[in-house]
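Fold and geometry: a report
So you can see what is in the structure, the chains are spelled out below.
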Amino acid sequence: MIFLMDLQMMLLDVIYFILRNSVRIVLRPRTKPIDGELVLITGAGGGLGRLFAQEFTKHGAEVVLWDINSSCNDETAKLVHENGGKAYTYTVDVTNREDVYRNADLVRKDLGRDITILVNNAGVVAGARMLDCPDLLMERTMKVNCHAHFWTVKAFLPQMKAQNHGHIVTIASVLGLFSTACVEDYCASKFAAVGFHESLAHELIADEVEGVKTTLVCPYIVDTGMFEGCKIREEVELLLPPWSPSTAWSRP
Ligand SMILES: NC(=O)c1ccc[n+]([C@@H]2O[C@H](COP(=O)([O-])OP(=O)(O)OC[C@H]3O[C@@H](n4cnc5c(N)ncnc54)[C@H](O)[C@@H]3O)[C@@H](O)[C@H]2O)c1
Ligand SMILES: *[C@@H]1O[C@H](CO)[C@@H](O)[C@H](O)[C@H]1NC(C)=O
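Report on the accompanying structure.

What counts and what doesn't
Residues numbered from 1 in each chain as written. Chains lettered and ligands numbered in written order. Predicted model: local features only at pLDDT ≥ 70, side-chain atom pairs only at ≥ 80, totals over all residues. Heavy atoms only, no water. Helix = DSSP H or I, 4+ residues; strand = E, 2+ residues; numbered from the N terminus. Polar contact = N/O pair within 3.5 Å; in protein donor to acceptor, adjacent residues only side chain to side chain. Contact = heavy atoms within 4.5 Å. Salt bridge = Lys/Arg side-chain N within 4 Å of Asp/Glu carboxyl O. Buried < 20%, exposed > 50% of the residue type's maximum accessible area, 1.4 Å probe, protein only. Pairing = 2+ DSSP bridges. Right-handed = clockwise from strand over helix to strand, strands pointing away. Core = buried A, V, L, I, M, F, W, Y, C linked by side-chain atoms within 4.5 Å. Phe/Tyr/Trp six-rings, centres within 6.5 Å; stacked < 30°, edge-to-face > 60°. Near = heavy atom within 4 Å. Areas by Shrake-Rupley, 256 points an atom, 1.4 Å probe, with all protein chains shown as cover. Disulfide = S-S within 2.5 Å. Nonpolar A, V, L, I, M, F, W, Y, C, P; charged D, E, K, R; others polar.

A look at the side chain of Thr-76
Mapped onto the secondary structure, Thr-76 falls in helix 3 (residues 70-82). One polar contact links the side chain of Thr-76 to the main-chain carbonyl oxygen of Ala-44, over a distance of 2.8 Å. Once residues within four sequence positions are removed from consideration, Thr-76 is found in contact with Ala-44, Gly-45, Arg-50, Ala-53 and Leu-65.

Here you go:
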């Protein structure tokens, strides 16, 4: 009986989302203007983080770039500057909460204003089968892909709530919704990130903080090098090939 009710609810959900998204193909949802916003992107030296930085600045926002690797972070800033955008770089290990809090204070002091959009994008994968995977790599995946969201949100949400203006973006993955073989660490961390996002969104609604929004992004495999060496099952690959970074961007 419960099974039948669950099935019925799921079918209703599926029908609702198919209908809603079909309508949205024609009537595109209103996009949020972001000019004048101050956007902090973690993992900004990487494939998607760099694209986010370029895209945000193209639409009039300024970006604060956080990455553990200063050389690739500087490269992102250079690309933004070349296109007339404003970018400020900080070398931060997002798994280190003291480092996160210290740099959050530093950003506020340096720029004299609050971060209004936080994009939790930094992510890693161990890339080994469960029993071959070094403990430290598994732990690192949880720390970067999940725990870091706690520290950055703790650092920036108070200002957003005080202004009743802000946005927290969680870059998870389809592997936060479905799983596959040999990415145990990654799936655990991305399911965690999805749960974190959902609970935070509920909390903001419960607290009636209307000006602070949340967005969850669950990209499919994007060809940035992160999943280099991974194989998608052939029949799946035919149907759903990996996206190039630029197509990933043009998807709504
Ligand atoms: N590429 C994909 O196929 C794909 C698919 C779905 C989701 N994602 C997610 O998108 C996000 C970005 O992925 P990407 O492909 O651009 O990865 P990437 O490896 O190209 O870049 C990740 C960046 O994060 C930085 N980083 C790693 N650990 C850090 C730490 N402790 N502190 C600060 N910075 C750190 C790295 O230096 C790097 O610049 C990740 O969260 C990833 O899980 C990627
Ligand atoms: C930082 O990134 C650069 C360029 O992507 C890479 O060559 C270098 O090995 C990275 N450094 C570290 C410490 O990971």
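What to know about the pattern of salt bridges
If you walk through the whole model with that rule in mind, you get eight salt bridges. The shortest N-O distance in the salt bridge between Glu-55 and Lys-58 comes to 3.5 Å. Pair noted here: Glu-55 and Lys-58 are both in helix 2 (residues 47-58), with a separation of three residues, about one helical turn. We classify Glu-55 as buried; its relative accessible area is 15%.

Re the pairing of strand 4 (residues 117-120)
Both faces of strand 4 are covered, namely the face carrying Ile-117 and Val-119 and the face carrying Leu-118 and Asn-120. With three bridges joining them, strand 1 (residues 38-42) and strand 4 adopt parallel strand pairing. Bridging across to strand 4, Val-39 finds its partner in Ile-117. Across four bridges, the pairing between strand 4 and strand 5 (residues 166-171) is parallel. Bridge pairing in strand 5 places Asn-120 opposite Thr-170. In terms of handedness, the path from strand 4 via helix 5 (residues 135-163) over to strand 5 forms a crossover that is right-handed.

A few points about the nonpolar core
Within the largest apolar cluster, 28 residues are counted, with the highest numbers of intra-cluster contacts made by Val-64, Trp-66, Ile-115, Phe-156, Leu-157 and Met-160. Every element with two or more residues in this core is listed here: strand 1, strand 2 (62-67), helix 4 (97-111), helix 5 and helix 6 (184-206). Counting residues per element, this core draws most heavily on helix 5, which supplies eight residues. Look past the residues within four positions of Val-64 in its chain and what remains in contact with it is Leu-38, Val-39, Leu-40, Ile-41, Tyr-88, Tyr-90, Val-107, Leu-111 and Ile-115.

Brief notes about the packing of aromatic side chains
Under the definition given, this model contains six aromatic pairs. When the ring of Tyr-16 is compared with that of Phe-17, the centres are 5.1 Å apart and the planes differ by 70°; the resulting orientation is edge-to-face. Given a relative accessible area of 45%, Tyr-16 falls into the partly exposed group. Pairing Trp-66 with Phe-156 gives two aromatic rings, centres 5.8 Å apart and planes at 55°, and the pair type is tilted. Linking Trp-66 in strand 2 with Phe-156 in helix 5, this pair joins segments that are 90 residues apart in sequence. For Phe-156, a relative accessible area of 1% corresponds to the buried category. Clustering of aromatic rings is evident, with ring pairs tying together Phe-150, Trp-151 and Phe-196.

Things to note about the site of ligand 2
Close to ligand 2 lie Asn-69, Ser-71 and Cys-72, which account for all nearby residues. Relative to its unbound accessible surface of 360 Å², ligand 2 loses 23% to contact with the protein.

Considerations on the pairing of strand 6 (residues 212-217)
In this sheet, strand 6 lies alongside strand 5 in parallel orientation, the contact comprising six bridges. In the sheet register, Thr-170 faces strand 6, and the bridge partner there is Leu-216. Note on the crossover from strand 5 through helix 6 to strand 6: the handedness is right-handed.

Comments concerning the state of the cysteines
By the definition in use, this model includes zero disulfides. The thiol of Cys-133 is not disulfide-bonded; the next cysteine sulfur, from Cys-182, is found 10 Å away. Look at Cys-133 and you get buried, because its relative accessible area is 7%. Assessed through its relative accessible area of 27%, Cys-182 is described here as partly exposed.

Description of the site of ligand 1
Within the structure, ligand 1 sits among 30 residues, and Leu-48, Asp-67, Tyr-186, Val-222 and Thr-224 are positioned closest to it. Within the backbone of Gly-47, one N or O atom sits 2.9 Å away from an oxygen atom of ligand 1. Coverage of ligand 1 by the protein amounts to 90% of the 830 Å² it exposes when considered alone. Those elements that provide at least two residues to the shell around ligand 1 are helix 2 and helix 6. Across the shell around ligand 1, the residue classes break down as 17 nonpolar, 10 polar and three charged.

Shape descriptors only; they carry no functional weight alone.
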